[in-house]
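Summary of structural features
Here is what each chain is made of, one letter per residue.
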Amino acid sequence: MNDNDLFLNDKKHIVSMRLNNTDRLAVRSTAARLFVRESELYRFAVFHMMHRLSKLLDDTCAGSDLLPLFLEFREELNINLGLKKNQLFKIFNGKNTTPDKFVAMSDIELLLLPHHAVRQRLMQTQEAAACKQANTSEWLEDYLRVKYQLSNTSSEADSAE
């Protein structure tokens, strides 16, 4: 089956997933409050998440183009997916990224570190000193935005909407 067959076939598929009781009860309660079936809420959640992660579906989006996405979901992706630095390196730079979009391993590591370690690493980086801020997340975002010449980051895009 090729990609065109997948897009033309609008057949729904059954997918199984494991949820803990707390999450399942939360979905059930939310669905009841919205007066919808649980399955509709699951489909909404998947659709919404895939929309937010759509840059990953775009083959032209690689290297530093992906930084705003990973800054936005930094903690969630690390906790829930357990991504490692080598995986992130392949995600950022694996699609034959042009040199101007290449993301350094030291910056990829910043996306995986806890806040206190990010702050320590940024204090040791001369390039980051110019962007220093009290809020570590904002400091990291500004440092990467300046270093990789990102036009706007995810939080700026969200506030513009």
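Shown above is the structure to which this text applies.
So, how was this worked out
Residues numbered from 1 in each chain as written. Predicted model: local features only at pLDDT ≥ 70, side-chain atom pairs only at ≥ 80, totals over all residues. Heavy atoms only, no water. Salt bridge = Lys/Arg side-chain N within 4 Å of Asp/Glu carboxyl O. Helix = DSSP H or I, 4+ residues; strand = E, 2+ residues; numbered from the N terminus. Buried < 20%, exposed > 50% of the residue type's maximum accessible area, 1.4 Å probe, protein only. Phe/Tyr/Trp six-rings, centres within 6.5 Å; stacked < 30°, edge-to-face > 60°. Core = buried A, V, L, I, M, F, W, Y, C linked by side-chain atoms within 4.5 Å. Contact = heavy atoms within 4.5 Å. Axes fitted to C-alpha atoms, helices over the stretch in contact; angles between N-to-C directions. Parallel < 35°, antiparallel > 145°, perpendicular 65-115°, else oblique. Nonpolar A, V, L, I, M, F, W, Y, C, P; charged D, E, K, R; others polar.

With that settled, the discussion passes to the pattern of salt bridges. Tallying each qualifying case throughout the model produces nine salt bridges. Between aspartate 107 and lysine 147 there is a salt bridge; the shortest N-O distance is 2.7 Å. Of this pair, aspartate 107 sits in helix α7 (residues 105-112) while lysine 147 sits in helix α10 (residues 136-147), and the two are 40 residues apart along the sequence. Taking relative accessible area as the criterion, aspartate 107 reaches 1% and is therefore assigned buried. For lysine 147, a relative accessible area of 29% translates into the label partly exposed. Where aspartate 142 meets arginine 145, a salt bridge forms, and the shortest distance between an N and an O atom there is 3.0 Å.

Here we come to the packing of aromatic side chains. Applying the stated criterion across every chain yields a total of two aromatic pairs. Taking 5.1 Å as the distance between ring centres and 50° as the angle between the ring planes, the aromatic pair formed by phenylalanine 70 and phenylalanine 92 counts as tilted. One end of the pair, phenylalanine 70, is in helix α4 (residues 67-72); the other, phenylalanine 92, is in helix α6 (residues 85-93), and 22 residues separate them in sequence. Accessibility expressed as a relative area gives 5% for phenylalanine 70, which makes it buried. Residue phenylalanine 92 is classed as buried on the basis of its relative accessible area of 0%. Plain terms: the ring middles of phenylalanine 89 and phenylalanine 102 are 5.7 Å apart, the flat faces sit at 75° to each other, and that makes the pair edge-to-face. Of this pair, phenylalanine 89 sits in helix α6 while phenylalanine 102 sits in the loop between α6 and α7, and the two are 13 residues apart along the sequence. Judged by relative accessible area, which is 38%, phenylalanine 102 ranks as partly exposed.

Phi angles above zero are rare outside glycine, and phenylalanine 35 is one such case at about 60°. By the secondary structure assignment, phenylalanine 35 is in the loop between α2 (21-34) and α3 (38-52). Owing to a relative accessible area of 76%, phenylalanine 35 belongs among the exposed residues under this scheme. Phi at glutamine 149 takes a positive value of approximately 50°, unusual for a residue other than glycine. Looking at the secondary structure, you find glutamine 149 in the loop between α10 and α11 (154-160).

Attention now moves to the nonpolar core. Formed by 26 residues in total, the largest nonpolar core has its most connected members in Leu67, Phe70, Phe92, Leu122, Leu140 and Leu144. Secondary-structure elements contributing two or more residues to this core are α4, α6, α7, α8 (115-123) and α10. The contacts of phenylalanine 92, once residues within four sequence positions are left out, are Ala62, Gly63, Leu66, Leu67, Phe70, Thr97, Val103, Ile108 and Leu111.

As a further point, take the packing of α7 against α8. Relative orientation of the contacting elements α7 and α8 amounts to 150°, with a least axis distance of 8 Å. Compared by their axis directions, α7 and α8 come out roughly antiparallel. Contact with α7, carried on its side by Ser106, Glu109 and Leu110, involves Val118, Arg121 and Leu122 of α8 and no other residues of that element. Split into classes, the residues belonging to the contact of α7 with α8 amount to three nonpolar, one polar and two charged.

Orientation of α2 relative to α3, taken along the N-to-C sense of each, is 105°, at an axis distance of 9 Å. Between α2 and α3, the interaxial angle falls into the category roughly perpendicular. Here α2 contributes Arg24, Val27, Arg28, Thr30, Ala31 and Leu34 to the contact with α3, which in turn contributes Glu38, Leu41 and Tyr42.

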